[in-house]
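# Chain and residue survey
For reference, the chains in residue letters:
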Amino acid sequence: MTFAKQFLGRPFWWALGGFVMLDVASFLALHTTAELVLLILLTIALIVVAVRCPQWLFPLAIAEIIATSNGHSFNVELAGASIGPRIILFALLMIVTVIAIARHGIKPVPRPYRLICALVTAVVFLAVLQGLILGSTMTNLYLDANGYLAIGYVLAAWYWVRDGRDRHRLLQLTAAATVWIAAKTLLFLFAFGHLHPKTLPILYTWIRDTRLGEITFMQATIWRVFLQSQWFLVPAALVSTSYMLLAERHRETGVRVVLLITAAALIASFSRTFWLATLIAALGLIVIALWQRVWKSIGRTATDGAVVTIGSIALLWVIVAVPIYQGASSSIFQSLLRGRATQTSDAALDSRRQLLPPLMEAIRRAPISGHGLGKTVAYTTEDPRYQDEHGTDQVTTYAFEWGWLDYLVKFGIAGTLLFGICWLLIARDIVLAFRHDPARRWLYAGLGMSLIALLIAHTFSPYLNHPIGWGTIAIIVALLPRSTAQQEGVTTQRSVDVPSMPTSSPLVTGRVK
């Protein structure tokens, strides 16, 4: 079975079409009463899925994270909070998971993880209480703690992904969402470079108000298209490269097309964090390939990698340079951001630098226990967009760009070490799977490097306090084999002989239902 066929199937195409329709409906209904109607209809549909096919909720929830970034395709204000599809889908997933666990008396968390998961959960709860005691506002506390609720995705992964069929379902839906986020990146790059300026504010408003991402003018017809869930293009590229290095028997077009599209979208993101994480993780894959002595694959992949890189740049050039309407430099929409184009990236770096001293001071004051969730610090920013919008250069925030420093401020050294033990346990399981399952070493190598890339990315942008980061962790643990001895009360077989993704034979013997 080829690389592409392992991800393609009826669920892939249904999911891809569904996400396209979701975005079209979201765009047309933005800021109208239709948003509420569509959200209600979507909620009813998800309830039906939860009742009749609960095994689909987890892959749907993960795919939604990838496809929509922040989960606000439809926004409805309720008691001052913005309610969107993600909140509803997550709530249904957690309700169904807890009911199923209670009904069947199952302990889905693998035995080696039970103690550390209990301790991490306790740390988060204590951080909430600590924030209340130390005077964090309820708004900041709620918004800060909300990101850690996403740990529930990992619990759902352990429960709902039980065999090869479940893994195949997850892979198809996440592949569809990843293809769509890459396609949206390239479509936005084309649209902002070539559509008439009068049409762009509508599209820009939709991207901004659904919190899908940020569009920043660079120069001429070049725009930076940054969507938070472009992060998932990094694991997609790493898994694809790992397949080429460790499993490919002959050149396959599908895996190279995936690499070309993901590389083009990652370049268009202009995200230094993504680039650095991908580069370091890719070097890790090369080290693994050298260790495995797959000399022929290394040479072939190096050649094809260079071709793919050139091809992705050529694709971006075609998108930018195609002779369809190109607005003048004084166009209506471009003038909104032109004066900030060269300052934005420098301002972002300067803001991070300005944030470092107050973060280090906060850590110094409570190095072991931290300050709890909702803790704020103040710093000076040179970001002209923030200054224009707020009329000041002083920023007071609970959300810090330095992800690991955020952990140290909120949880202290003790809490951060407990989270670190979780990553070490996952890394250990990846290594064990790599050693004992030679046929799928490419998959585990890709997952391992994806974990490393996530930990690197979290250094510069906070992903491990967000559904994107925890969704990545959930995918990784879902695809790792687990022995029945690690779990109690699980009637469905979950053993290392259940294929998570084969290299040459079908993942499942029947149709995914």
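Everything below is about the structure printed above this text.
Notes on the structure in this doc start here. Residue numbers here run from 1 along each chain, matching the order of that chain's written sequence. Only residues with pLDDT of at least 70 are given local features in this predicted model, and only at 80 or more are side-chain atom pairs given and counted; all residues enter the totals for whole chains, interfaces and linings. Neither water nor hydrogens contribute to the side-chain values; these are computed over all heavy atoms in the structure.

## Comments concerning the pairing of strand 6 (residues 394–397)
Buried, partly exposed and exposed residues are distinguished by accessible area as a fraction of the type maximum, computed with a 1.4 Å probe on protein chains only: under 20%, between the cut-offs, and over 50%, respectively. Starting at the N terminus, helices and strands are each numbered in turn, a helix being any DSSP run of H or I of at least four residues and a strand any DSSP run of E of at least two. Where burial is concerned, the two faces of strand 6 differ: the one with Val395 and Thr397 is buried and the one with Gln394 and Thr396 is not. Pairing of strand 5 (residues 377–380) with strand 6 involves 4 bridges; the strand directions are antiparallel. Counterpart to threonine 380 in the pairing with strand 6 is glutamine 394. In this analysis, strands are considered paired if DSSP registers two or more bridges between them.

## As for the packing of aromatic side chains
The pairing test for Phe, Tyr and Trp rings, Trp by its six-membered ring, is centres within 6.5 Å, and the orientation test on the planes gives stacked under 30 degrees, edge-to-face over 60, and tilted for anything in between. Throughout the structure, instances matching the rule amount to 26 aromatic pairs. Judged by centre distance (6.3 Å) and plane angle (75 degrees), the rings of phenylalanine 188 and tryptophan 206 are edge-to-face. Here the residue phenylalanine 188 occupies a position in helix 8 (residues 164–194), and tryptophan 206 occupies one in helix 9 (residues 200–209), the gap between them amounting to 18 residues. You can call tryptophan 206 buried: its relative accessible area is 5%. Through a chain of ring-to-ring contacts, the aromatic side chains of Tyr148, Trp404, Tyr407, Phe411, Phe419, Trp423 and Trp470 assemble into a single cluster. Positioned over the ring face of tyrosine 159 is arginine 162, at 4.4 Å from the centre of the ring. In this scheme, the term charge over a ring applies when either NZ of a lysine or CZ of an arginine sits within 6 Å of the ring centre and within 35 degrees of the ring normal. In this structure, arginine 169 packs its charged tip against the face of tryptophan 56, placed 4.9 Å from the ring centre.

## Comments concerning helix 6 (residues 138–146)
An α-helical turn contains 3.6 residues, so any two residues separated by three or four positions project in the same direction. Looking only at helix 6, the buried set comprises Asn140, Leu141, Asp144 and Ala145. For helix 6, the angular spread of buried residues about the axis comes to 115 degrees, placing them on one side. Counted as exposed and oriented over 90 degrees from the buried face of helix 6: Met138 and Thr139. In this analysis, two residues are considered to be in contact whenever any of their non-hydrogen atoms come within 4.5 Å of each other. Tucked inside the fold, the buried residues of helix 6 contact helix 5 (114–133) and helix 17 (403–436). Picture the helix axis, draw a direction to every C-beta atom, and the arc is the one those directions span.

## Side note on the packing of helix 8 against helix 13 (residues 295–321)
Throughout, an axis means a line fitted to C-alpha atoms (over the contacting stretch in the case of helices), and angles, computed between N-to-C directions, take values from 0 to 180 degrees. Contact geometry for helix 8 and helix 13: axes closest at 8 Å, N-to-C directions at 35 degrees. Between helix 8 and helix 13, the contacting residues are Leu186, Leu189, Phe190 and His194 on the first element and Leu315, Leu316, Ile319, Val320 and Ala321 on the second. Across the contact of helix 8 with helix 13, the residue classes tally to 8 nonpolar, 1 polar and no charged. Side-chain classes are defined by residue name, with Ala, Val, Leu, Ile, Met, Phe, Trp, Tyr, Cys and Pro counting as nonpolar, Asp, Glu, Lys and Arg as charged, and the others, Gly among them, as polar.

## Remarks on a nonpolar patch on the surface
On the surface, a cluster of nonpolar side chains totalling about 660 Å² of accessible area is made up of Leu276, Leu279, Ile280, Leu283, Ile286, Leu290 and Trp295. Per-element accounting of the nonpolar patch gives the leading share, 6 residues, to helix 12 (residues 272–292). Residue placement: isoleucine 280 occurs in helix 12. On the accessibility criterion, isoleucine 280 (37% relative accessible area) is partly exposed. A patch consists of residues exposed above 30% relative accessible area that lack any salt bridge, with like charges linked at up to 9 Å and nonpolar side chains (Val, Leu, Ile, Met, Phe, Trp, Tyr) linked at up to 5 Å. Using the Shrake-Rupley algorithm and a 1.4 Å probe, accessible areas are obtained, with residue cover drawn only from the displayed protein chains. Salt bridge, as applied in this entry: a Lys or Arg side-chain nitrogen positioned within 4 Å of an Asp or Glu carboxyl oxygen.

## Re unusual backbone geometry
With a phi angle near 60 degrees, arginine 211 is a residue other than glycine that sits in the positive phi range. Examined against the element boundaries, arginine 211 turns out to sit in the loop between helix 9 and strand 3 (213–219). The class of arginine 211 is partly exposed, set by a relative accessible area of 42%.

## What to know about the nonpolar core
Side-chain atoms within 4.5 Å are what join buried Ala, Val, Leu, Ile, Met, Phe, Trp, Tyr and Cys residues into a set we call a nonpolar core. Ranked by internal contacts, the top residues of the largest apolar core, which has 138 residues, are Phe58, Trp231, Phe419, Ile426 and Ile473. Those residues in contact with phenylalanine 419, other than ones at most four positions away along the chain, are Val120, Val123, Val124, Tyr148, Ile151, Tyr407, Phe411 and Trp470. Counting residues in hydrophobic clusters, the runner-up holds 11 residues, among them Ile363, Val395, Leu405 and Val409.

## Regarding helix 18 (residues 441–460)
Helices are assigned an expected span. That span is 1.5 Å times one less than the residue count. When the terminal C-alpha atoms of helix 18 are compared, their 29 Å separation across 20 residues agrees well with the 28 Å that a helix rising 1.5 Å per residue should span. Most of helix 18 sits out of view: 15 of its 20 residues are buried.

## Quick look at the pairing of strand 3
Summarising the sheet, strand 3 and strand 4 (residues 222–227) pair through 6 bridges and their orientation is antiparallel. Pairing of threonine 216 across the sheet is with arginine 224, part of strand 4.

## Thoughts on the side chain of serine 73
You can see serine 73 is positioned in the loop between helix 3 (57–68) and strand 1 (76–78). The exposure class assigned to serine 73 is buried, which follows from its relative accessible area of 4%. Here serine 73 is in contact with Leu22, Ser26, Glu35, Thr68, Pro85 and Thr210, once residues within four sequence places are set aside.

## Describing the pattern of salt bridges
Should their charged atoms come close, side chains of opposite charge can pair. Enumeration over the complete set of coordinates arrives at 12 salt bridges. Ionic pairing is found between aspartate 144 and lysine 410, a salt bridge with its closest N-O pair at 2.8 Å. With aspartate 144 in helix 6 and lysine 410 in helix 17, the pair connects residues that are 266 residues apart, well separated along the chain. In this structure, aspartate 144 and lysine 410 share a single accessibility class: buried. Linking arginine 365 and glutamate 361 is a salt bridge whose minimum nitrogen-to-oxygen distance equals 3.2 Å. Pair noted here: arginine 365 and glutamate 361 are both in helix 15 (residues 341–365), with a separation of 4 residues, about one helical turn. Residue classification places arginine 365 among the exposed positions, given a relative accessible area of 60%.

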